[in-house]
Amino acid sequence: MTEQEISKKLDELIAIVAEGKPMDAFEKFYHPDLEKTDLDGIPHKGKKANEQIGYELLSKVKNVRDFSAPGNVVKGNRSFLIWSLDFDHADNGKVEVVQVAIQDWKDGLIIRERFVA
C-alpha cells in the first residue's frame, strides 16, 4: 500500500467514526490477525477478541462531548492517528484524553495498533 492509499483509508475511517459508527469502522479497516494494545498496555490478539472488547467499552460510554481526530501522519506502512476524547464512562467517570494510535497496515487493513497518551 502506498502512503496515499493509507491516508485515504484513514480519512474514511475517521468519517465513519464521526458518524457515530466506530464498530463499522472497526469491521471495515481491521485485519483478522489484529494485535491491539490499549492504554493499559495489555495486547489482545485477533479481530474477534478485540471486537468484543470494543463493544463492551462502547456499551459503558455515556455522554460524549468530544470524539474527534485532529491529526494524522502516514510514513511507509505506519500511520499515527491522534484522537481527542472527552466522554463519561459508566465505571470510570469522566474520561478526557488525547491519545495517539500507532497503526501498522498489511493487505489494506490495520494489523497492529498501539495506543499511547
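Residues numbered from 1 in each chain as written. Predicted model: local features only at pLDDT ≥ 70, side-chain atom pairs only at ≥ 80, totals over all residues. Heavy atoms only, no water.

Explain helix H1 (residues 3-18) to me, please; I cannot follow it from the model alone.
Helical geometry note: an α-helix holds 3.6 residues per turn, so side chains three or four residues apart project in the same direction. Over its 16 residues, H1 runs 22 Å from end to end, which matches the ideal 22 Å to within 8%, given 1.5 Å per residue. All buried positions along H1 are accounted for by Ile6, Leu10, Leu13, Ile14, Ile16 and Val17. Angularly, the buried residues of H1 cover 160 degrees about the axis, an arc narrow enough to put them on a single face. Opposite the buried face of H1, at more than 90 degrees from it, the exposed residues are Gln4, Lys8 and Ala18. Among the structural elements, helix H2 (22-29), strand S1 (30-37), strand S3 (61-75), strand S4 (78-89), strand S5 (93-106) and strand S6 (109-116) are those in contact with the buried residues of H1. Looking one or two places after H1, you find Gly20, whose phi comes out positive at around 85 degrees. (Helix = DSSP H or I, 4+ residues; strand = E, 2+ residues; numbered from the N terminus. Expected span 1.5 Å × (residues − 1). Buried < 20%, exposed > 50% of the residue type's maximum accessible area, 1.4 Å probe, protein only. Arc of directions from axis to C-beta. Contact = heavy atoms within 4.5 Å.)

Where do I start with the nonpolar core in this structure?
Side chains of a nonpolar character, in soluble globular proteins, are inclined to be buried together. Core analysis: the biggest nonpolar cluster contains 21 residues, and Leu13, Ala25, Phe29, Tyr30, Leu81, Trp83 and Ile110 have the highest contact counts within it. Secondary structure elements with two or more residues in this core: H1, H2, S1, S4, S5 and S6. Ranked by residue count, the leading element in this core is H1, at six residues. Ignoring sequence-local partners within four residues, the contact set of Leu13 consists of Ala25, Phe29, Tyr30, Leu81, Trp83 and Ile110. (Core = buried A, V, L, I, M, F, W, Y, C linked by side-chain atoms within 4.5 Å.)

What is the right way to read the sheet that holds S1 from this model?
Two orientations exist for strands paired in a sheet by backbone hydrogen bonds: parallel and antiparallel. What the six strands build is an open sheet, ordered S2-S1-S6-S5-S4-S3; its pairing is mixed. Each edge of the open sheet is held by one strand with a lone partner, namely strand S2 (43-45) and S3. Taken over all neighbouring pairs, the strand axes of this sheet differ in orientation by 20 degrees on average, direction set aside. Two strands pair when backbone bridges link them, and S4 and S5 are joined in this way by 12 bridges, in the antiparallel orientation. Counterpart to Phe80 in the pairing with S5 is Ile102. Packing against the sheet, helix H3 (residues 47-59) makes contact with S1, S2, S3 and S4, and its axis sits at approximately 60 degrees to S1. (Pairing = 2+ DSSP bridges. Axes fitted to C-alpha atoms, helices over the stretch in contact; angles between N-to-C directions.)

Mind showing me how you'd approach the pairing of S5 here?
Working note: regular strand, side chains alternate between the two faces of the sheet. The turn linking S4 back onto S5 is made up of three residues. As paired elements, S5 and S6 share seven bridges and run antiparallel to each other. Residue Ile102 lies in a different strand from S6, and its bridge partner there is Arg114. Hairpin connection of S5 to S6: two residues between the antiparallel strands, including Asp107 at a positive phi of 55 degrees.

Would you take a moment to explain the packing of H1 against H2 for this structure?
Packed helix pairs are characterised by how far apart their axes lie and by the angle those axes make with each other. As a packed pair, H1 and H2 sit with axes 7 Å apart at the nearest point and diverge in direction by 155 degrees. Overall, the two elements H1 and H2 adopt an arrangement that is roughly antiparallel. Seen along the crossing, H1 lies across H2 with a hand that is right-handed. Counting all contacts with H1, which are made through Lys9, Glu12, Leu13, Ile16 and Val17, the residues of H2 involved are Pro22, Asp24, Ala25, Lys28 and Phe29. Class assignment for the residues of the contact of H1 with H2 results in six nonpolar, no polar and four charged. (Parallel < 35°, antiparallel > 145°, perpendicular 65-115°, else oblique. Left-handed = near helix turned anticlockwise from the far one by under 90°. Nonpolar A, V, L, I, M, F, W, Y, C, P; charged D, E, K, R; others polar.)

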